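# Commentary on secondary and tertiary structure
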Amino acid sequence: MATAAGCVIVGGGAAGAATIAALRDGGYAEPITLIGAETELPYDRPPLSKGYLQGKSGLSEVFLHDLGWYDEREVRLHLGTAVSELDPGARQVRLSGRGGIAYDHLVLATGATPARPDIPGVDLPGVLSLRTLADSDRLRDLLAQASRVIVIGEIGRASCRERV
């Protein structure tokens with residue numbers, strides 16, 4: 001049976017927001033805490049490489065929900081906060097420089113880090129990965145000044161290298 005510690009969700013992306021919705025819609029009444037390393041509210045990643053990157057859509061179209069949505073669901077937000085350690089024995093997540101948060105239920109929804117290809121030059125300035133809102137902002141700024149661009153990515157399981 002759940003106690004007052006409730007559910008802690010580590011990961012401030014779409015999976016974290018979907019977990020909140022599923023819990024509350026399913027009648028979960030215990031506390032919910034969302035911990036995200038990024039400072040922004042959970043957002044949808046696909047627009048980062050599409051409309052948002054092109055400047056055709058703003059943040060309102062990227063964020064999954066506004067702050068009011070989290071307030072209505074009584075979610076404690078810890079944004080801009082990294083988890084430094086999980087302690088399953090103590091049923092606690094430890095935050096970088098901030099102590100810990102107890103949990104009855106823990107959801108790890110951290111996503112993945114983009115793989116960096118093993119090719120010469122991948123560590124040069126101007127070679128970027130696109131995963132976060134900050135990455136998209138940085139890439140948009142660089143694209144405005146670029147005369148040549150190379151995009152390397154994956155489509156499903158097939159590798160794609162395209163010169164634009």
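The rules behind the values
Residues numbered from 1 in each chain as written. Predicted model: local features only at pLDDT ≥ 70, side-chain atom pairs only at ≥ 80, totals over all residues. Heavy atoms only, no water. Helix = DSSP H or I, 4+ residues; strand = E, 2+ residues; numbered from the N terminus. Buried < 20%, exposed > 50% of the residue type's maximum accessible area, 1.4 Å probe, protein only. Contact = heavy atoms within 4.5 Å. Polar contact = N/O pair within 3.5 Å; in protein donor to acceptor, adjacent residues only side chain to side chain. pLDDT = per-residue confidence, 0-100. Pairing = 2+ DSSP bridges. Axes fitted to C-alpha atoms, helices over the stretch in contact; angles between N-to-C directions. Phe/Tyr/Trp six-rings, centres within 6.5 Å; stacked < 30°, edge-to-face > 60°. Lys NZ or Arg CZ within 6 Å of the ring centre and 35° of its normal.

## Regarding the environment of Thr132
- Following the sequence through the fold, Thr132 ends up in the loop between strand S7 (105-108) and helix H4 (133-143).
- Its relative accessible area of 16% is what places Thr132 among the buried residues.
- Once residues within four sequence positions are removed from consideration, Thr132 is found in contact with Glu38, Tyr43, Arg45 and Leu48.
- Within the structure, Thr132 has its side chain in polar contact with the backbone nitrogen of Asp135 (distance 3.0 Å).

## A few points about the confidence of the model for the protein chain
- Averaged over every residue, the pLDDT of the protein chain is 85; residues scoring 70 or more account for 90%.
- Put simply, strand S9 (residues 158-163) is where the protein chain has its lowest mean pLDDT, 43, and strand S1 (residues 7-10) is where it has its highest, 97.
- Taken as a whole, residues 155-164 scores under 50 in pLDDT and shows 14 contacts with residues more than four places along the chain or in a different chain.

## Comments concerning the sheet that holds strand S5 (residues 92-95)
- Pairing in this open sheet of three strands is antiparallel, and the strands run S4-S5-S6 from one edge to the other. Looking at which strands have only one partner, the edges of the open sheet turn out to be strand S4 (83-87) and strand S6 (99-102). Here the strands of the sheet are splayed against their neighbours by 25° on average, with no regard to which way each runs.
- For S4 and S5, the ladder comprises four bridges, and the chain directions are antiparallel. Across the sheet, residue Asp87 finds its bridge partner in S5, namely Gln92.

## Observations regarding the packing of aromatic side chains
- According to the stated counting rule, one finds one aromatic pair in the structure shown.
- Pairing Trp69 with Tyr70 gives two aromatic rings, centres 4.8 Å apart and planes at 80°, and the pair type is edge-to-face. Of the two residues, Trp69 and Tyr70, both sit in the buried class.
- The ring of Tyr52 has Arg140 sitting right over it, with the charged end atom 4.4 Å from the ring centre.

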